[in-house]
Amino acid sequence: MVSQVDLDYINRLIDENISEDGDALELKGKFIKDSGLEVLVQSDRLEQIENLDLSRNNITRRGAAHLAKCAKLNKLKRLYLGENSIGDRGMIALVEAPFLSQLAHLDLRFNSLGPIAGRAIGKSDKFVKLQVLILQENETGDDVLIHIAQNKSFSNLRKLNLYRTNLSDKGVKALGKTRVLKKLRHLNLARNILRLDTALALADAKTLSNIETLLMFDTFIGEEGVQALLDSKTLTKLKTLRI
């Protein structure tokens, strides 16, 4: 049940943090929690919102479920949910949200996501306009990348951040064989347990020829792996390589 305290607080937050043109709502670190999000998703003022920042608000799976059911975010393009705790169950709910099909940017960093959430994301057919996906600091593992690499719904992806997500060579080898991610330009694989095989797979990945930025610091690809990337005949547009 929605309390009057939560209702008053959320309405005040909207008044104070909505942009002048009404298309952006910056609510990072506003202590909204699940109860506040339940109120927020009922507001008619969300109907014009294109950018919604809900980072650092102690949102759990319950809040994610409220958000997933929101039918007012018809214009949403960028959603920032980083540094919450939605977990696997929250992500399973969120992948059913009606607004996912128009999202261009989704930030899920630091959200206690595991392999189950990773599979739910990678198998979804709703991310048809997504250009930026940030999964940094979640233990989603290899499956998310294996499924994304095969899922045509991710064909518009330009930036993929998998920094410290418990990736191994298995996941990146699947990425190396992708026929889907032709538009990918920025790839962050840093701080994962990746070895020489990963570097060789990327160096020979014909579909990834548009990559401009590749971050692979704090991995284990070694000098041979670095040289393979530098000598790659397919990564011809690579401008930034951080090892």
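Model, not experiment: these values are computed from the prediction.

What counts, and at which threshold
- Residues numbered from 1 in each chain as written.
- Predicted model: local features only at pLDDT ≥ 70, side-chain atom pairs only at ≥ 80, totals over all residues.
- Heavy atoms only, no water.
- Axes fitted to C-alpha atoms, helices over the stretch in contact; angles between N-to-C directions.
- Helix = DSSP H or I, 4+ residues; strand = E, 2+ residues; numbered from the N terminus.
- Parallel < 35°, antiparallel > 145°, perpendicular 65-115°, else oblique.
- Contact = heavy atoms within 4.5 Å.
- Nonpolar A, V, L, I, M, F, W, Y, C, P; charged D, E, K, R; others polar.
- Pairing = 2+ DSSP bridges.
- Buried < 20%, exposed > 50% of the residue type's maximum accessible area, 1.4 Å probe, protein only.
- Phe/Tyr/Trp six-rings, centres within 6.5 Å; stacked < 30°, edge-to-face > 60°.
- Lys NZ or Arg CZ within 6 Å of the ring centre and 35° of its normal.

### Thoughts on the packing of helix α5 (residues 115–123) against helix α6 (residues 141–150)
Where α5 contacts α6, the two axes come as close as 7 Å, and the packing angle between them is 5°. In this view, α5 runs roughly parallel relative to α6, as classed from their interaxial angle. Contacts between α5 and α6 pair Gly 118, Arg 119, Ile 121, Gly 122 and Lys 123 from the former with Asp 143, Val 144, His 147 and Ile 148 from the latter. Taken together, the residues of the contact of α5 with α6 break down into three nonpolar, three polar and three charged.

### Focus: unusual backbone geometry
Of note, Asn 166 is a non-glycine position whose phi angle comes to about 65°, a positive value. The residue Asn 166 is located in the loop between β6 (159–161) and α7 (169–176) in this model. With a phi angle near 55°, Arg 191 is a residue other than glycine that sits in the positive phi range. With respect to the helices and strands, Arg 191 occurs in the loop between β7 (186–188) and α8 (196–203).

### Here we look at the sheet that holds strand β5 (residues 132–134)
The nine strands lie next to each other as β1-β2-β3-β4-β5-β6-β7-β8-β9, forming an open sheet whose pairing is parallel. Each edge of the sheet is formed by a strand with only one pairing partner; in this case those strands are β1 (24–26) and β9 (240–242). Taken over all neighbouring pairs, the strand axes of this sheet differ in orientation by 5° on average, direction set aside. Bridge analysis of β1 against strand β2 (residues 51–53) gives three bridges, and the strand direction is parallel. Bridge pairing in β2 links Ala 24 to Asn 51.

### What to know about α8
Buried within α8 are the following residues: Thr 198, Ala 199, Ala 201, Leu 202 and Ala 203. Against the buried residues of α8 lie α7, β7, β8 (213–215) and α9 (222–230).

### Concerning the packing of aromatic side chains
Using the criterion set out here, one finds two aromatic pairs in the structure. Centre to centre, the rings of Tyr 163 and Phe 217 are 6.1 Å apart; their planes meet at 55°, and the pair counts as tilted. Placement of Tyr 163 in the loop between β6 and α7 and of Phe 217 in the loop between β8 and α9 is noted, with a sequence separation of 54 residues between them. Phe 217 carries the same exposure label as Tyr 163, and that label is buried. Directly above the ring of Phe 220 sits Arg 195, whose terminal nitrogen or CZ lies 5.2 Å from the centroid.

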